[in-house]
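# Per-entry structural report
Below are the chains, spelled out letter by letter.
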Amino acid sequence: MPGSPDRWGMMCEADLEEVYRRRSLSYGLMKPCLATMTGLFACNYTIQHYSGLAQGMTDAMEVLGIVCAAALFSLLGPKRLAQRLSEMTGVILAEGEGNLRQRLDIGQMANDETGDMGRWLNSFIDNLESVVGQVVKASRTVGATNQMMLGRSQEAGITSAEVAEAVHCMMIIVEEQLGEIQQASASAEQMK
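Residues numbered from 1 in each chain as written. Predicted model: local features only at pLDDT ≥ 70, side-chain atom pairs only at ≥ 80, totals over all residues. Heavy atoms only, no water.

### Side note on the overall build of the chain
Helices and strands together make up the secondary structure of the chain, namely five helices and zero strands. Going from N to C terminus, the chain has its helices and strands arranged as α-α-α-α-α. Burial statistics for the chain: of 192 residues in total, 14% are counted as buried. (Helix = DSSP H or I, 4+ residues; strand = E, 2+ residues; numbered from the N terminus. Buried < 20%, exposed > 50% of the residue type's maximum accessible area, 1.4 Å probe, protein only.)

If you want it as structure tokens, here you go:
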């Protein structure tokens, strides 16, 4: 089934759909909102119709009910979403300290947009780790090649120094022989 990490199994497609059903964030936030509003409405209705309190006290109780409902909604709705997004931010930003072995826990991801983003983030980090591994391997190969070329360059430098020394020695020998040829030529001139 699309979106399912399972490759095979004994579940029918309807069971898989139930397990891997993706629910939107709006659905996830709407449930606590509706529950909170329904509870608030029921409390306010009960206070107004059955408490028998004065209007000022009834209004104070309703305000208290609104504050409690807002706190409850914050706890059940946006706070959980903010925690999931905060975990993702920790992996993405500097808190991850460039650690490409760090992943989000797939077991704790919700089946909504944040879960999709978390799975994509893990996949992105996997791909990034692979690319960085290839770059490291290539840099090691380049480093080894550079060392080999440096060694050969040093060998060539030594060989060229030896050739220069040999040429210098040959030049000295040629100059000596030239001097001897000139002496022999002078001697031959005198004998003539």
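So that's the structure; there's more coming.
### Some words on the packing of helix α2 (residues 25-50) against helix α3 (residues 55-76)
If you want to describe how two helices pack, look at the angle between their axes and the distance between the axes. Interhelical geometry of α2 versus α3 gives an angle of 165 degrees and a closest axis separation of 9 Å. It follows that α2 is roughly antiparallel to α3 by the angle criterion. The two elements α2 and α3 cross, and the hand of that crossing is right-handed. Within the contact between the two elements, α2 uses Leu29, Pro32, Cys33, Thr36, Leu40, Asn44, Ile47 and Gln48 and α3 uses Thr58, Met61, Glu62, Gly65, Ile66, Ala69, Leu72, Phe73 and Leu76. For the contact of α2 with α3, the residue count by class is 11 nonpolar, five polar and one charged. (Axes fitted to C-alpha atoms, helices over the stretch in contact; angles between N-to-C directions. Parallel < 35°, antiparallel > 145°, perpendicular 65-115°, else oblique. Left-handed = near helix turned anticlockwise from the far one by under 90°. Contact = heavy atoms within 4.5 Å. Nonpolar A, V, L, I, M, F, W, Y, C, P; charged D, E, K, R; others polar.)

### Re helix α5 (residues 113-191)
Under the 1.5 Å per step criterion, the end-to-end length of α5 is 113 Å for 79 residues, consistent within 8% with the ideal 117 Å. For α5, the set of buried residues is Thr114, Gly115, Gly118, Leu121, Asn122 and Ile125. (Expected span 1.5 Å × (residues − 1).)

### Here's the deal with the layout of surface pockets
Within this model, the second largest pocket holds a volume of roughly 270 Å³. Along the wall of the second largest pocket there are 16 residues; nearest its centre are Gly28, Arg80, Arg84, Ala110 and Asp112. Where the lining of the second largest pocket is concerned, the elements lending two or more residues are α2 and α4 (78-92). When residues of the lining of the second largest pocket are assigned to their parent elements, the largest contribution, six residues, is made by α2. Taken together, the residues that form the lining of the second largest pocket break down as seven nonpolar, four polar and five charged. (1 Å grid on protein atoms, 1.4 Å probe; cavity = no way out; pocket = protein on both sides within 12 Å on 5 of 7 lines; lining within 4 Å. Points joined across faces, edges and corners; volume = space filled by probe spheres on them.)

### Examining α3
Between the first and last C-alpha of α3 there are 31 Å, a value that for 22 residues agrees with the 32 Å anticipated at 1.5 Å per step. When α3 is considered as a whole, its buried residues turn out to be Thr58, Glu62, Gly65 and Ala69. Buried residues of α3, viewed axially, fall in a sector of 55 degrees; they line one side. Opposite the buried face of α3, at more than 90 degrees from it, the exposed residues are Gly56, Val63, Val67 and Leu75. For α3, the elements touching its buried residues are α2. (Arc of directions from axis to C-beta.)

### Quick notes on the packing of aromatic side chains
Under the definition given, this model contains two aromatic pairs. Aromatic pair Tyr45 and Tyr50: ring centres 6.4 Å apart, planes at 75 degrees, arrangement edge-to-face. (Phe/Tyr/Trp six-rings, centres within 6.5 Å; stacked < 30°, edge-to-face > 60°.)

Just geometry here; none of it tells us what the structure is for.
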